[in-house]
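# Structural overview
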Amino acid sequence: MRPRPSLGIAPGRTQLVLLVTTALSTAVLVAASGAIGFVGLVVPHAVRFLAGGRHRVLLPACALYGAIFLLWADTAARTLFSPREVPVGVLTALIGVPAFAVIMRGRSAGS
C-alpha cells in the first residue's frame, strides 16, 4: 500500500517496525532476567481479569500480585523438594507457560 502524502509516514511499515522492536525488546529482557521475568507477562493478564481494566487500580494490583506470586513460588521452590532447592525460575516457568498458553488460546478464539 502506498502511503498517503498527508500522513508523512508509511503506517504499515511503522506498525511492522514497532511490532518487531517490541517483540525483540521483550525477548531480550526475558532472556536477561530469566524465567522470573516471565511473571511480568502473565500476572498482568490475570490481574486484569480480577481487577478490571482501570489502570489506576491495575498498576498497583499487578505489582502487589506479582510480588505475592514470586514469594509463594520462591517458598514452594525452597520447601517442596527439600533438601534440594529448585530454582524459582523453573517453578514460575512451569506455572507461567501453561497460563500464557491459555491466555493466547483465549485471544485467538475471541478474534
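The structure under discussion appears in the preceding block.
The structure contained in this document is the topic of the report that follows.

## Examining the overall build of the chain
Scanning the chain from N- to C-terminus turns up four helices and zero strands. Taking all 111 residues of the chain together, 16% fall into the buried category. Pairs at least 24 residues apart make up 41% of the contacts formed inside the chain by residues separated by at least 6 positions. Surface accessibility of the chain: about 8,700 Å² in total, with carbon and sulfur atoms responsible for 69%.

## Some details on helix α1 (residues 11-33)
End to end, α1 covers 33 Å across 23 residues, agreeing with the expected 33 Å (1.5 Å per residue, within 8%). Looking one or two residues beyond α1, the residue adopting positive phi is G34, at roughly 85 degrees.

## Things to note about the environment of G89
As for its placement among the helices and strands, G89 is situated in helix α4 (residues 88-110). Sequence-wise, G89 and I36 are 53 residues apart; in three dimensions their C-alpha atoms are separated by 5.2 Å.

## A short note on the nonpolar core
Counting six residues, the largest nonpolar core consists of V39, V43, V47, L58, A61 and C62. Elements that contribute at least two residues to this core include exactly α2 (39-51) and α3 (55-79). Those residues within four positions of C62 in sequence are excluded, and the remaining contacts are V43, P44 and V47.

## Comments concerning the pattern of salt bridges
Two side chains with opposite charge may pair up if their charged atoms get near one another. Taken as a whole, this structure holds two salt bridges when the rule is applied. Its salt-bridge partner being D74, residue R78 comes within 3.0 Å of it at the nearest N-O pair. Within this pair, R78 and its partner D74 are both found in helix α3, separated by four residues, close to a single helical turn. Note on D74: relative accessible area 27%, which makes it partly exposed. Put simply, R78 and E85 hold a salt bridge, and the shortest N to O gap is 3.8 Å. Take R78: its relative accessible area is 45%, and that puts it in the partly exposed class.

## Quick notes on unusual backbone geometry
Omega for the peptide link from S82 to P83 comes to 10 degrees, which places this bond in the cis form. Within the secondary structure layout, P83 lies in the loop between α3 and α4.

Calculation criteria
Residues numbered from 1 in each chain as written. Predicted model: local features only at pLDDT ≥ 70, side-chain atom pairs only at ≥ 80, totals over all residues. Heavy atoms only, no water. Helix = DSSP H or I, 4+ residues; strand = E, 2+ residues; numbered from the N terminus. Buried < 20%, exposed > 50% of the residue type's maximum accessible area, 1.4 Å probe, protein only. Contact = heavy atoms within 4.5 Å. Areas by Shrake-Rupley, 256 points an atom, 1.4 Å probe, with all protein chains shown as cover. Expected span 1.5 Å × (residues − 1). Core = buried A, V, L, I, M, F, W, Y, C linked by side-chain atoms within 4.5 Å. Salt bridge = Lys/Arg side-chain N within 4 Å of Asp/Glu carboxyl O.

All we've got here are geometric facts, nothing functional implied.
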